[in-house]
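Residue-level structure breakdown
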Amino acid sequence: MATFGLLVTHAPFEQQHAFTAYRFALSALALGHEIKGVFFYQAGVQNANSYQAGHSDEFNVHQAWVELSAQHGIPLNVCVTAANRRGVINAQDAKDNDRQGFNLTEPFIEVGLGDLVQLSQVSDRVIQF
Amino acid sequence: MITKTLGVINSTAPYGVSNGQESLDLALASANFGQEVTLFFIDDGVFQLLKSQQPIPEQGKHYSKTFPALTFYDIDDIFVCQQSLTERALAVSDLCIQVSALPREELNQQLARLDHLMRF
């Protein structure tokens, strides 16, 4: 059995990458592999944006990540710099920058790029989507 | 702890997309955390290394100024695709740092020896 780290660098919706990453995670887990964590970088940080409001008959990848994390204890790490650049901020960021709302909540957490290094150290393979 | 090796592949031109800047951030952070980092520039990625870039602020930060500092981060293995240079009428002398230009086959050998690859 192998250990995987997932690196997601594309936003949901326009492109399929994030959905493919999620499906990869499901398949790997079903086969008995371990997902050590998901790291969201570049536009991938939009996966953590809880303000996404798609149609009710569309797949909600944000919710899917949240449930995956809850069911399998998979950390959902978001690069803080990449996220803040793109308006994905948590409660503390909102307070620090005098913003009215925030859209990044647990289980997504803001981390530095060092956490991607850590994830790659403990993963047999890092797969980028 | 066994330190795994990381290859960062740059395949897009600078400024039109943020890939180059965010890739460099990642490479520097990884080196700071003690990871052995090898950089690759292929396809339009070779344009990132051109000398005398003068981007305007709206095009993003002038991050190519950081390339000469890579050696201070112990990032010394920097490989450029010879074919990509040739296709764009460029030579290594047009680039802002010293690099090794390799044919595709040798580039692939370098890629194959690394534990993890990330592409931007």
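Going by what an unreviewed UniProt entry lists, chain B is known as Protein TusC and is assigned to Paraglaciecola mesophila. Regarding chain B, the UniProt comment filed under Sequence similarities (unreviewed entry) reads as follows: "Belongs to the DsrF/TusC family."

Chain A goes by Sulfurtransferase TusD in an unreviewed UniProt entry, where it is assigned to Paraglaciecola mesophila. Under Sequence similarities (unreviewed entry), UniProt gives the following word-for-word description of chain A: "Belongs to the DsrE/TusD family." Recorded in UniProt for chain A, the comment headed Subcellular location (unreviewed entry) runs: "Cytoplasm".

**Concerning the interface of chain A and chain B**
Listed per partner, the contact involves 18 residues of chain A and 21 residues of chain B. In this assembly, chain A packs against chain B so that about 1600 Å² is buried in total across both faces, 49% of it on carbon and sulfur atoms. A per-residue breakdown of the area chain A buries against chain B is headed by Gln42, Val117 and Gln121 of chain A, which together make up 33% of the total. On inspection of chain A and its partner chain B, the count reaches three salt bridges. The residue Arg85 of chain A makes a salt bridge to Asp25 of chain B at a minimum N-O spacing of 3.7 Å. Viewed at the interface, chain B and chain A are joined by eleven residue pairs in polar contact (both at pLDDT 80 or more). Residue assignment for the side of chain A that touches chain B shows that the elements contributing at least two residues are helix 3 (80–85), helix 5 (114–122) and strand 5 (125–128) of chain A.

**Quick word on the environment of Ala28 of chain A**
All names here are of chain A. Its place among the elements puts Ala28 in helix 1 (residues 17–30). Distance from Ala28 to Gly87, taken between C-alpha atoms, is 31 Å for residues 59 residues apart in sequence. When residues no more than four places from it in sequence are discounted, the contact partners of Ala28 are Phe4, His33 and Ile35.

**So, the sheet that holds strand 5 (residues 116–119) of chain B**
One key point about sheets: their strands pair by backbone hydrogen bonds, in either a parallel or an antiparallel sense. Residue and element names in this part refer to chain B. The five strands lie next to each other as 4-3-2-1-5, forming an open sheet whose pairing is parallel. The sheet terminates laterally at strand 4 (100–102) and strand 5, the two strands that pair on one side only. Each adjacent strand pair in this sheet contributes to an overall mean axis angle of 25°, direction not counted. Relative to strand 3 (residues 78–81), strand 2 (residues 36–41) runs parallel, the two sharing three bridges. Bridge pairing in strand 3 links Leu39 to Ile78.

What counts and what doesn't
Residues numbered from 1 in each chain as written. Chains lettered and ligands numbered in written order. Predicted model: local features only at pLDDT ≥ 70, side-chain atom pairs only at ≥ 80, totals over all residues. Heavy atoms only, no water. UniProt positions renumbered as here; feature names shortened; annotations may be inferred. Contact = heavy atoms within 4.5 Å. Buried area = accessible area lost by both parts, 1.4 Å probe. Salt bridge = Lys/Arg side-chain N within 4 Å of Asp/Glu carboxyl O. Polar contact = N/O pair within 3.5 Å; in protein donor to acceptor, adjacent residues only side chain to side chain. Helix = DSSP H or I, 4+ residues; strand = E, 2+ residues; numbered from the N terminus. Pairing = 2+ DSSP bridges. Axes fitted to C-alpha atoms, helices over the stretch in contact; angles between N-to-C directions.

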